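# Residue-level structural notes
As a plain string of letters, each chain reads:
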Amino acid sequence: MKEKVILAYSGGLDTTAIIPWLKENYDYEVICVCIDVGQESELDGLEERAKSCGASKLYIEDVIDEFCDDYVVPCVQANAIYENKYLLGTSMARPLIAKRLVEIARKEGASAICHGATGKGNDQVRFELAFKALAPDLKIIAPWRCNETWNMKSREDEIEYCKKHGINLPFSSVDNSYSRDRNLWHISHEGLELEDPSQAPNYDHLLVLGVSPEKAPDVATEISISFEKGIPVALNGKEMKYSEIVTELNKIGGANGIGIVDIVENRVVGMKSRGVYETPGGTILMAAHEQLEELILDRDTMEAKKKLGSQFAQVVYEGKWFTPLCEALRAFVKSTQKYVTGEVKFRLYKGNIIKAGTTSPYSLYNESLASFTTGDMYDHHDASGFITLF
C-alpha cells in the first residue's frame, strides 16, 4: 500500500503541477485538501480538476464560521494590526488551514503534508510552524525548496510539465493577473506594477471587493453595529452571526471605497514586499470595536492593550499561533472584553469612516464630569493638589 500525502490544494497552476510531481518523485497517493475560508468562486470545479490530475480524492472543508469565531474574533478584539496598516487577513487564516490539514492527515493515516508556498514568502513559515507544533512526526514537503527535483521556474515550465503528464488544462502561459489570496476577511494583491514602489496601483484593474474612494457614491451610507463582550452580534439592528456580518460589511464597505491599503511590509524572511489589501468589512469592524472600547476601557487597560495588541499582531503575522505566548495574549485580550457591549453608529463616505455616536450600558464617560460647564461633581481647586503630587 502506498504512503499518503496531504496536499494543500487551491486549484491554481502551482498546486495542480504538484500533484503529478509528488507521484513521480515520491510515489505517494495524493489526497488534495482545499480549506474554504471564504474564497467563494475559486472553489468551482476543483474536484474534477484534482482527480483529473491524479489525486485520489479531494476534501473541501468549510471552516468559515470557525475562522471568524476562533481566529478573526481575537485579532479584532486585540486591535491587532501589523505595522500599523495590515489587518492580518492571510496571517489569521493560515493556522486554521494548517490545523485542518493535520486533522485530515491523521484521519487518512498520511505520512506527509505538502504545501505550495514559495521560499520567499511568509506562508511557508506560517504553515510549517503550525505543522511542527501540531504534528511534529509528519514529513513536510515544500516543492519550491526541492531544488534537485522541482525544476520549474515559470508558468510555462509548469504548463509544459503538466502536458507531459497528460494534463491539459486552460492555464495561460501569460499571467496578466495579480498574485492574490482571498478569504472572507480580505483579498490581497501582489505583482505586476505593484512590484515597483514608484508606481501607483492600477485600481481599475486591481480591485475585486469594491471601488476606489474617488468612484464611491456622493452620498454617505449610515450603519450601526451592536456588540456583546467585544463580539459583533447585529448589523443595523438585525441579529447575524459573525460571518454574515463580515459578508454584508464587505458589500457595504466595498461600495463606499473603505479598507483599501497600499503597503510595503517587512516579511518574516527579511525582505520587503509591496501589496494592496482590500479589507472593507474588517476595516469597519476594527474601527467600530475600537470606537466602543474608547467609551468603556480604563486608561491603564487601554495602554496595556495597545502595547500587547501590537505584539499580538506580530506573533500572528509570524505564524506563531500555536505557541504559549499567543495563547497567553489571547487570554489577556479576552479578559478585557467583559464589558465591551454597546452600539456604534457611523457614516461611510468615500473611503472614510465617520463617527456618528456610541452608546454602552458600561460606559465610563460621565458628561457631568467632562462638561466645560462647572457642576457639583467636580471642584476645579482639587486639581492643584493633584498636579503637586503628580
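All of the points below concern the structure found in this document. (Residues numbered from 1 in each chain as written. Predicted model: local features only at pLDDT ≥ 70, side-chain atom pairs only at ≥ 80, totals over all residues. Heavy atoms only, no water.)

## What about helix H11 (residues 324–335)?
Applicable threshold: Counting from the N terminus, the helices are DSSP H or I runs at least four residues long and the strands are E runs at least two residues long. Multiplying 1.5 Å by the residue count of a helix minus one yields the expected span of that helix. Think of it in three bands: residues with accessible area under 20% of the maximum for their type are buried, residues over 50% are exposed, and the middle band is partly exposed, with areas taken using a 1.4 Å probe on protein chains only. By definition, the arc is the one covered by directions from the helix axis to the C-beta atoms. Note on contacts: a residue pair is in contact if any heavy atoms of the two residues lie within 4.5 Å.
Taking 1.5 Å as the rise per residue, H11 with 12 residues should run 16 Å; its terminal C-alpha atoms sit 17 Å apart, in good agreement. Regarding H11, the residues found buried are Cys326, Leu329 and Val333. Around the axis of H11, the buried residues are gathered within 65° of arc, so they sit on the same side. For H11, the exposed residues lying more than 90 degrees away from the buried face are Pro324, Glu327, Lys334 and Ser335. Elements that come into contact with the buried residues of H11 comprise helix H3 (64–77) and helix H10 (299–317).

## Comments concerning a nonpolar patch on the surface
The cut-off we apply is this: Patch membership requires more than 30% relative accessible area and the absence of a salt bridge. Residues of like charge join within 9 Å; the nonpolar side chains Val, Leu, Ile, Met, Phe, Trp and Tyr join within 5 Å. Only the protein chains shown count as cover for residues, with accessible areas throughout obtained via the Shrake-Rupley method and a probe of 1.4 Å. The rule for a salt bridge is simple: a side-chain nitrogen of Lys or Arg has to be within 4 Å of a carboxyl oxygen of Asp or Glu.
A cluster of nonpolar side chains, contributed by Val268, Val269 and Met271, occupies part of the molecular surface with about 190 Å² of accessible area. Residue placement: Val268 occurs in the loop between strand S11 (260–266) and strand S12 (272–278). A residue is classified by how much of its surface remains accessible, and Val268, at 30% relative accessible area, is partly exposed.

## Side note on the packing of H3 against helix H9 (residues 280–296)
How we decide: Lines fitted to C-alpha atoms define the axes here, with helix axes fitted over just the stretch in contact, and angles between the N-to-C directions of these axes take values from 0 to 180 degrees. Any angle between 65 and 115 degrees counts as roughly perpendicular, while under 35 counts as roughly parallel, over 145 as roughly antiparallel, and the rest as oblique. Residue polarity follows a fixed list, in which Ala, Val, Leu, Ile, Met, Phe, Trp, Tyr, Cys and Pro are nonpolar, Asp, Glu, Lys and Arg are charged, and the others, Gly among them, are polar.
The contact between H3 and H9 brings their axes to 9 Å, and the two run at 50°. The angle between the axes of H3 and H9 places the two elements in the oblique class. Counting all contacts with H3, which are made through Cys75, Val76 and Gln77, the residues of H9 involved are Leu285, Met286, His289 and Glu293. Taken together, the residues that form the contact of H3 with H9 break down as four nonpolar, two polar and one charged.

## Some details on the packing of aromatic side chains
The criterion, for reference: Here the aromatic set is Phe, Tyr and Trp, taking the six-membered ring for Trp, and pairing holds for ring centres within 6.5 Å; pairs whose planes are under 30 degrees apart are stacked, those over 60 apart are edge-to-face, and all others are tilted. By definition here, charges over rings are those cases where NZ of Lys or CZ of Arg is within 6 Å of the ring centre and within 35 degrees of the ring normal.
Using the criterion set out here, one finds 12 aromatic pairs in the structure. The positively charged end of Arg126 is found above the aromatic ring belonging to Tyr317, 4.8 Å away from the centroid.

## Quick look at the environment of Ala8
One can find Ala8 in strand S1 (residues 4–8). Ala8 sits 108 residues away from Gly116 along the chain, and the two C-alpha atoms are 7.3 Å apart. Ignoring anything within four residues of it in the chain, the contact list for Ala8 reads Thr15, Val33, Leu101, Cys114 and His115.

## Brief notes about the nonpolar core
The condition that has to hold: Residues enter a nonpolar core if they are buried and are Ala, Val, Leu, Ile, Met, Phe, Trp, Tyr or Cys, with the set joined through side-chain atoms within 4.5 Å.
If you look at the biggest cluster of nonpolar residues, it comprises 74 residues, and the most contacted ones within it are Ile6, Phe67, Leu88, Trp185, Ile225, Leu285 and Phe312. A total of nine residues in this core trace back to one element, the largest contributor, which is helix H4 (residues 89–108). In this structure Ile225 touches Pro232, Ala234, Leu235, Leu249, Ile284, Leu285, Ala288, Gly342, Glu343, Val344 and Phe346, once residues within four positions along its chain are discounted.

## Quick notes on the pattern of salt bridges
With the rule as written, the count across this model stands at 21 salt bridges. Two residues, Glu108 and Lys4, come together in a salt bridge whose shortest N-O distance is 3.0 Å. Residue Glu108 is found in helix H4, and its partner Lys4 is found in strand S1; the two are separated by 104 residues along the sequence. In this structure, the salt-bridge partner of Lys305 is Glu293, at a minimum N-O distance of 3.0 Å. On the criterion of sequence distance, the pair formed by Lys305 in helix H10 and Glu293 in helix H9 is long-range, its members being 12 residues apart. Residue classification places Lys305 among the buried positions, given a relative accessible area of 4%. What emerges from the salt-bridge pattern is a single network uniting Glu61, Glu66, Lys99, Arg100 and Glu103.

## Considerations on the layout of surface pockets
Stated precisely, the cut-off is as follows: Both cavities and pockets are sets of points on a 1 Å grid over the protein atoms alone; in a cavity a 1.4 Å probe fits but cannot get out, in a pocket the set is open with protein on both sides within 12 Å along at least five of seven lines, and lining residues sit with an atom within 4 Å of a point. Grid points are joined across faces, edges and corners, and a volume is the space filled by probe spheres set on the points.
In this structure, the second largest pocket occupies an estimated 460 Å³ of space. Secondary-structure elements contributing two or more residues to the lining of the second largest pocket are H9 and H10. Per element, the largest residue contribution to the lining of the second largest pocket is seven residues, and it comes from H10. Taken together, the residues of the lining of the second largest pocket sort by class into six nonpolar, five polar and six charged.

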